[in-house]
Amino acid sequence: MAPVPNGVQPQINGDEEIDFTDIEEKYHVDYDESFENVIVVDGVPIIDKTKLERLLTKIAKEFSKKGVSITPENISMPWNDATGKSKGYLFVELNTPEDATLAIAAMHGFQFDAKHQFFINRFTDIEKYANMDETYVEPEIEEFKPKEHLRSWLADPHGRDQYATYRNEDVAIHWHGKPSQSEIAYEKPGWTDLYVSFSPLGTLLATIHRQGVRLWGGPSWEPYQRFAHPFVKLLDFSPCENYLVTWSNDPIVVREGAEQGPMYPSPEDEGNSLAVWDIKTGHLLRTFPVIPSEQGGPEGGRKQMQWPALKWSADDKYVARVMPGQQISVYELPSMGLLGKKSVKIEGVVDFEWCPMGDKDRDEEAKANAPGGKGSAAKKVERENMLAYWTPEVANQPARVTLMSFPSRSILRSKNLFNVTECKLYWQNQGDFLCVKVDRHTKTKKSIFCNLEIFRVREKDFPVEVVELKDTVTDFSWEPRGERFAIVSSNDPNLGNSGPGITIKTDVSFFQLERGRNFKLLKSLPARTSNTIRWSPRGRHVVLATMGSTSKSELEFWDLDFNSDDIGGQRKDGQEWGSGIQLLGVADHYALTDLEWDPSGRYLGTSASVWRHSHENGYAIWDFKGQELLKVIQDRFKQFLWRPRPRTLLSKEQQRQIRKNLREYSRAFEEEDAAEESNVSAELIAHRRRLVDEWNAWRARCREELAEERARLGKQDEEEKEEKEEVQEWVDEIIEQIEEEVVE
Amino acid sequence: MRPILLQGHERSLTQIKYNKEGDLLFTASKDLRVNVWYSQNGERLGTYDGHNGSVWSIDVDYESRFFITGSADNTLRLWSVSTGKELFQWEFPTAVKRVAFSEDGDQIVCITEQRMGHQGAIRVFEINRSGNGTNQSKEPISMFHPIASKATVCAFGLDTSTIITGHESGKVALYDAKTGDEIKGNQRAHSDVVTDLQLSPDRSYFVTSSKDKTARLHDSRTLVVLKTYPTETPLNSAAIAPTRPFVLIGGGQEAMNVTTTSARQGKFETRFWHKIFEEELGRVKGHFGPINTLAVHPSGKSYASGGEDGFVRVHHFDESYFRAKPYGDIEPID
């Protein structure tokens with residue numbers, strides 16, 4: 001509408017004034033005017049009028065033979081009037097574009113007779129190619145955008161660690177350092193639908209959505225990769241962050257018109273609910289159906305799925321899964337093909353674990369992979385991965401724990417066990433030891449006791465040592481990089497029937513390998529309630545916690561090498577056995593549900609998640625001595641996660657150097673701390689000063705107004721009215737008394 | 001110092017009050033009795049008997065001569081402090097939820113409950129201070145009905161011309177005592193029921209506590225929120241400490257939920273907050289039920305708390321309380 005000078009809209013009189021173009025546009029019907037159904041047949045014999053009819057009938061017949069029914073009426077033949085002959089090509093109009101496609105497929109290159117071969121094109125194609133712009137246009141080169149460094153957080157000048165919190169709908173990544181350096185690094189409301197998870201080396205953060213999993217990375221947490229697995233519930237990274245396993249309760253359904261490609265499930269994947277993805281490319285590698293594990297849960301009967309359902313070897317080369325009772329299937333990566341084209345058939349197999357890779361293995365591998373490295377040719381041999389599995393007692397067969405190596409499939413060691421109820425396999429994180437916790441029953445099957453079968457994997461012939469215990473062991477944990485382990489055992493009659501108000505009494509024991517001999521009890525802490533052991537990732541420090549109890553929630557911080565300065569468990573001889581164990585502190589985090597050491601082993605994070613209960617949800621951070629550094633109570637707090645760190649890049653020698661010069665480093669840090677502290681307190685003091693000044697000013701104004709008001713109302717000021725009683729007190733004090741005798 | 005435990009009530013405390021000199025402490029509870037104690041040693045001086053319902057609210061005038069009580073038996077009564085005799089009685093259709101004296105004791109304000117078709121009302125009565133106090137007027141000098149959310153707490157403002165109220169919705173308002181017009185209202189002072197309202201000694205600012213887990217300091221004239229003290233538990237009472245820049249806050253898990261939680265979870269502690277820096281300084285525990293009411297001695301030498309557990313605990317501050325300078329030399333003038 002044209003603008004009206006005085007801004008008054010003209011009145012609409014009758015229908016002719018109304019503009020219908022928008023409606024017409026909306027309901028406009030596109031008539032099919034395209035020539036998609038027209039094809040051009042080239043290579044037709046050149047004929048004169050007399051033969052026209054016969055030719056057309058023949059062509060129509062040939063087309064119909066191939067399943068494209070046409071009649072001579074559908075064909076139109078252009079005519080050269082000057083010569084009176086045909087031009088050697090013709091047009092065929094078909095019913096639909098699909099028929100045209102079919103006709104091209106069937107008749108293109110058709111040998112009509114000895115001299116003539118048909119060449120068929122779409123009419124629209126000819127037009128398109130005829131009209132094509134022939135000038136060369138240089139393709140625009142997409143500007144290179146450097147991606148953010150995925151490990152930038154490691155370059156933090158203060159060496160701080162990060163942690164993620166998930167509360168209500170908000171996910172936040174925090175820096176954890178000195179009070180002044182603790183800040184939120186990144187925050188995003190509604191980042192995830194279910195929970196968040198860091199990859200094992202801390203590079204990426206996974207968020208879970210209805211549509212699938214997303215990965216994020218870099219300092220500003222940009223999207224890194226996405227995996228379309230609808231209604232995904234669980235995920236698991238491979239140890240080297242190359243692959244991702246996801247599981248959804250709903251089997252994969254490929255809908256018609258769904259997106260296709262290597263990143264999406266294909267019809268073959270339908271009905272499966274486990275998926276393996278390549279993280280870098282985002283490709284779906286393979287899917288599996290889930291086999292429910294044969295073992296019922298402790299609640300009885302209910303079939304539970306084991307998670308992780310696929311277990312990765314430490315170098316990401318193999319992934320294996322167990323078909324309970326039948327076989328272990330090992331798949332090779334990246335092809336995801338079955339290793340050796342067949343599974344390992346093991347009658348009755350229940351569970352297995354891969355041997356982790358120690359620092360030594362990694363160093364060796366790095367050396368072998370280094371170009372021109374010594375003996376690189378000789379070490380081209382595939383590194384063997386080892387796994388341990390166990391089978392229960394069946395009929396006359398004893399239960400058995402077996403170590404098998406891959407890909408050679410040779411059995412390295414096996415051990416028979418008797419009266420076995422249940423086995424659990426625990427690898428020490430360097431792969432030096434394997435502990436099999438064997439729950440055994442007496443002949444009458446009434447009482448259960450426990451044996452620990454410890455395999456020394458690094459020694460020749462894998463010697464096995466047995467530690468016999470009288471009680472039931474509820475938790476077992478190796479010291480990372482160490483030769484010690486801790487167990488929680490209990491002979492409480494209430495064990496197994498946990499109920500509200502029942503706190504199970506437990507004993508905690510530490511064992512240590514005596515040089516060149518056996519594992520020996522280091523110290524036993526009787527009559528505890530602790531049910532959880534958490535070793536610091538650097539070893540030496542350990543936290544014992546009471547979790548899941550309504551009345552107790554104690555944290556005990558222990559140091560196992562209190563008398564030595566060094567980390568790493570190098571024990572001096574001559575010291576009394578077990579003398580280095582020292583309780584550093586006791587703390588309490590009411591109703592805690594999770595606890596986790598930070599990757600450096602300096603701090604412990606504990607949290608009470610609303611997923612378990614709704615009392616005092618929140619999280620706390622403690623130092624290794626049990627001092628509370630931070631406590632945040634938040635309604636609807638859900639998750640607390642430390643960001644893992646990759647392995648250090650420093651060589652052994654460099655680490656030793658640092659340890660040697662620790663004093664100098666600490667002096668520099670202490671100076672920094674002191675400077676910072678004074679800086680912060682100065683700021684804080686200024687802030688408080690300002691607050692007090694504001695308050696004083698406000699109060700002064702108030703008093704003034706009040707005095708005015710009271711004067712106006714004819715009242716005397718309270719304070720003035722109140723007479724100050726002055727009490728005068730006279731005190732006689734005798735300073736000196738001199739008696740003088742006047743001698744006359 | 002060890003607190004003095006006053007065991008004079010069989011049911012939960014509703015309100016406690018010091019008199020102006022601070023030598024007497026009046027306590028009211030859901031049982032029918034009102035007690036008065038010597039605050040110094042916790043000896044009971046006497047009782048005020050006569051109510052047939054829970055006593056919801058009490059106040060004492062500046063001379064410690066008259067004492068008023070509001071009760072669930074729909075009466076507001078005037079008592080002689082020294083004799084314990086009932087001097088006068090006003091009767092209403094519904095329970096009296098809150099009472100307060102004016103600064104010079106010649107007026108009282110009360111809130112009656114909204115119930116059984118009766119609107120909640122705020123009434124102001126004149127107190128005839130001459131004679132023996134039995135000659136009072138039955139009729140209020142003003143009466144009005146706050147619209148929308150009902151009032152839960154009230155007090156006279158800077159003078160008797162205004163009344164400050166706290167409401168169920170969390171609103172804090174300033175009414176004209178004569179006309180009942182709302183002069184000012186802060187709808188968003190709190191987000192849940194306002195549970196207590198106590199004025200500063202010179203009445204120029206006041207503190208409110210609320211079930212929304214915060215306590216706030218307001219300007220009496222403008223109703224501007226000066227300070228906020230957030231906690232993690234529903235609050236029942238807040239008081240301003242004289243002489244020291246502190247605010248006392250008390251509360252705890254709702255009484256009906258207490259049995260389902262352990263004592264440690266209930267947070268039945270009196271919290272001390274720095275009035276100006278809005279930082280928590282410390283907590284005093286001892287009650288095993290939520291703290292319903294707090295009062296501070298007018299000279300600031302002691303404070304008392306009354307709990308859902310039926311006990312009143314009188315705490316005399318240690319010498320270090322007066323000397324402590326948790327923030328160094330930065331101290332406000334008053």
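Residues numbered from 1 in each chain as written. Chains lettered and ligands numbered in written order. Predicted model: local features only at pLDDT ≥ 70, side-chain atom pairs only at ≥ 80, totals over all residues. Heavy atoms only, no water.

**Overview of the overall build of chain B**
Check the secondary structure of chain B and you find 2 helices and 28 strands. When contacts within chain B are restricted to residue pairs at least 6 apart in sequence, those whose partners lie at least 24 apart make up 44%. Accessible surface for chain B amounts to roughly 13,000 Å². Of this, 48% is attributable to carbon and sulfur atoms. (Helix = DSSP H or I, 4+ residues; strand = E, 2+ residues; numbered from the N terminus. Contact = heavy atoms within 4.5 Å. Areas by Shrake-Rupley, 256 points an atom, 1.4 Å probe, with all protein chains shown as cover.)

**Examining the overall build of chain A**
Helix and strand counts for chain A stand at 8 helices and 43 strands. For chain A, the accessible area works out to roughly 45,100 Å², and carbon and sulfur atoms hold 50% of it.

**With respect to the pattern of salt bridges**
Within the structure shown, the criterion is met by 45 salt bridges over all chains. With a closest N to O distance of 3.9 Å, K552 of chain A and E554 of chain A form a salt bridge. Owing to a relative accessible area of 24%, E554 of chain A belongs among the partly exposed residues under this scheme. Taken together, the shared-partner salt bridges connect E232, E269, R271, E280 and R283 of chain B into one network. (Salt bridge = Lys/Arg side-chain N within 4 Å of Asp/Glu carboxyl O. Buried < 20%, exposed > 50% of the residue type's maximum accessible area, 1.4 Å probe, protein only.)

**Points about a nonpolar patch on the surface**
Residues and elements named next belong to chain A. On the surface, L650, I658, L662, Y665 and F669 cluster together to form a nonpolar patch covering roughly 460 Å² of accessible area. With 3 residues, helix 7 (residues 662–712) is the largest single contributor of residues to the nonpolar patch. Residue placement: L662 occurs in helix 7. (Patch = residues over 30% accessible without salt bridge, like charges linked within 9 Å, V, L, I, M, F, W, Y side chains within 5 Å.)

**Structural notes on the interface of chain A and chain B**
The partner chain B presents 28 residues to the 23 residues of chain A that form the contact. Approximately 2,500 Å² of surface area, both sides summed, lies buried where chain A meets chain B, with 51% of it carried by carbon and sulfur atoms. Taking the shortest distance from any N to any O, the salt bridge between D202 of chain B and R699 of chain A comes out at 2.7 Å. Ranked by residue count, the leading element in the side of chain A that touches chain B is helix 7 of chain A, at 15 residues. Class assignment of the residues belonging to the side of chain A that touches chain B gives a composition of 9 nonpolar, 2 polar and 12 charged. (Buried area = accessible area lost by both parts, 1.4 Å probe. Nonpolar A, V, L, I, M, F, W, Y, C, P; charged D, E, K, R; others polar.)

**Quick look at the sheet that holds strand 23 (residues 246–251) of chain B**
Residue and element names in this part refer to chain B. Pairing within the open sheet is antiparallel, and its 4 strands lie in the order 22-23-24-25. Both edges of this open sheet fall to strand 22 (235–240) and strand 25 (280–284), since each of them pairs with a single strand only. On average, each strand axis in the sheet is tilted by 20° relative to the strand beside it, whichever way the strands run. Where strand 23 lies against strand 24 (residues 270–274), 5 bridges are found, and the strand directions are antiparallel. Its bridge partner lying in strand 24, V247 is registered against W273. (Pairing = 2+ DSSP bridges. Axes fitted to C-alpha atoms, helices over the stretch in contact; angles between N-to-C directions.)

**Description of helix 7 of chain A**
When the terminal C-alpha atoms of helix 7 of chain A are compared, their 74 Å separation across 51 residues agrees well with the 75 Å that a helix rising 1.5 Å per residue should span. Of all the positions in helix 7 of chain A, only E676, R688, L691, V692, W695, N696, W698, R699, C702, L706, E709 and R710 of chain A are classed as buried. Taken together, the buried residues of helix 7 of chain A touch strand 19 (205–210), strand 20 (214–219) and strand 21 (225–230) of chain B. (Expected span 1.5 Å × (residues − 1).)

**Looking at the pairing of strand 4 (residues 34–38) of chain B**
Residues and elements named next belong to chain B. Burial of strand 4 is extensive: 4 of the 5 residues sit out of reach of the surface. Relative to strand 5 (residues 44–48), strand 4 is paired through 4 bridges, and the arrangement is antiparallel. Of the residues in strand 5, the one forming a bridge with V34 is Y48. From the end of strand 4 to the start of strand 5, which pair antiparallel, there are 5 residues, and G42 there has a positive phi angle of about 80°.

**Some details on the environment of T47 of chain B**
Residues and elements named next belong to chain B. Summarising the element assignment, T47 is placed in strand 5. Its relative accessible area of 25% is what places T47 among the partly exposed residues. Among residues more than four places away in sequence, those in contact with T47 are R33, V34, N35 and G84.

**What to know about the UniProt feature "repeat: WD" (unreviewed entry) in chain B**
Taking the numbering used here, the UniProt-annotated feature "repeat: WD" (unreviewed entry) corresponds to residues 6–47, 48–89, 187–228 and 284–314 of chain B. Helix makes up 0% of residues 284–314 of chain B and strand makes up 52%, while its end C-alpha atoms are separated by 12 Å. (UniProt positions renumbered as here; feature names shortened; annotations may be inferred.)

**Observations regarding the sheet that holds strand 8 (residues 75–80) of chain B**
Residue and element names in this part refer to chain B. Overall, antiparallel pairing links the 4 strands, which are arranged 6-7-8-9 in an open sheet. Each end of this open sheet is capped by a strand with a single partner; those strands are strand 6 (55–60) and strand 9 (86–91). When the angles between neighbouring strand axes are averaged without regard to direction, this sheet yields 15°.

**Let's talk about the side chain of D31 of chain B**
Residue and element names in this part refer to chain B. Within the secondary structure, D31 is located in the loop between strand 3 (24–29) and strand 4. Although D31 is buried, it forms no salt bridge, and the closest oppositely charged side chain is R33 at an N-O distance of 6.2 Å. Non-local contacts of D31, meaning those with residues more than four positions away in its chain, are made with G8, H9, E10, R11, G53, S54 and V55. (Lys, Arg positive; Asp, Glu negative; His and termini not counted.)

**As for the confidence of the model for chain A**
All names here are of chain A. When the pLDDT values of chain A are averaged, the result is 82; 89% of them are 70 or greater. Note that pLDDT drops below 50 for residues 294–302; the model gives that stretch 12 contacts with residues more than four away or on any other chain. Confidence drops under pLDDT 50 across residues 373–380; counting only partners more than four residues distant or on other chains, this segment forms 4 contacts. (pLDDT = per-residue confidence, 0-100.)

**Overview of a negative patch on the surface**
All names here are of chain A. Taken together, D19, D22, E24 and E25 make up a surface patch of like negative charges. Considering the arrangement of structural elements, one finds E24 in helix 1 (residues 21–26). Here E24 falls in the exposed class, since its relative accessible area comes to 54%. (Charge placed at Lys NZ, Arg CZ, Asp CG, Glu CD.)

**Some remarks on the state of the cysteines**
Two cysteines joined by a covalent bond between their sulfur atoms form a disulfide. In the structure shown here, the tally under the stated rule is 0 disulfides over all chains. There is no disulfide at C423 of chain A, and the cysteine sulfur nearest it, in C450 of chain A, is 9.4 Å away. Just so you know, C154 of chain B is unpaired, no disulfide at all, and the nearest cysteine sulfur is the one on C110 of chain B, 7.5 Å from it. According to the relative accessible area criterion, C154 of chain B is buried, its value standing at 1%. (Disulfide = S-S within 2.5 Å.)

**Observations regarding the packing of aromatic side chains**
Taken as a whole and judged by the stated rule, the model has 51 aromatic pairs over all chains. The interplanar angle of 75° and the centroid separation of 6.4 Å between the aromatic rings of F272 of chain B and Y321 of chain B together place this pair among those described as edge-to-face. Note that F272 of chain B is positioned in strand 24 and Y321 of chain B in helix 2 (residues 319–323), a separation of 49 residues in sequence. Both residues of the pair, F272 of chain B and Y321 of chain B, count as buried. Taken together, the ring pairs connect Y426, F433, F476, W478, F485, F511 and F519 of chain A into an aromatic cluster. Lying across the ring of W175 of chain A, R160 of chain A places its NZ or CZ 4.5 Å from the centre. Sitting over the face of the ring of W153 of chain A, R643 of chain A holds its NZ or CZ atom 3.6 Å from the ring centroid. (Phe/Tyr/Trp six-rings, centres within 6.5 Å; stacked < 30°, edge-to-face > 60°. Lys NZ or Arg CZ within 6 Å of the ring centre and 35° of its normal.)

**Side note on the nonpolar core**
Grouped together as the largest cluster of nonpolar side chains are 25 residues, with contacts concentrated most on I39, V41, I59, F63, L90 and F118 of chain A. Among the elements of the structure, strand 1 (38–42), helix 2 (52–65), strand 5 (89–93) and helix 3 (97–107) of chain A are those that each provide at least two residues to this core. In this structure, I59 of chain A is in contact with V44, I75, L90, F112 and F118 of chain A, ignoring residues within four places of it in sequence. Core analysis: the next-biggest nonpolar cluster, separate from the first, contains 20 residues, W698 of chain A together with Y229, I249 and F277 of chain B among them. (Core = buried A, V, L, I, M, F, W, Y, C linked by side-chain atoms within 4.5 Å.)

**Re the confidence of the model for chain B**
Keep in mind that low pLDDT regions are not for reading the predicted coordinates in detail. Taken residue by residue, chain B gives an average pLDDT of 87. The fraction at 70 or more is 96%. Taken over the whole predicted complex, pTM reads 0.62, whereas the ipTM for its chain interfaces reads 0.82.

**Re the environment of S71 of chain B**
Residues and elements named next belong to chain B. Relative to the helices and strands, S71 resides in strand 7 (residues 66–71). Residue classification places S71 among the buried residues on the basis of a relative accessible area of 0%. Counting along the chain gives 43 residues from S71 to A28, while the straight-line C-alpha distance between them is 9.8 Å. Ignoring any residue separated from it by four or fewer positions in sequence, one finds S71 in contact with H51, G53, S54, V55, W56, A95 and V96. At a separation of 3.1 Å, a polar atom in the side chain of S71 contacts the main-chain carbonyl oxygen of S54. (Polar contact = N/O pair within 3.5 Å; in protein donor to acceptor, adjacent residues only side chain to side chain.)

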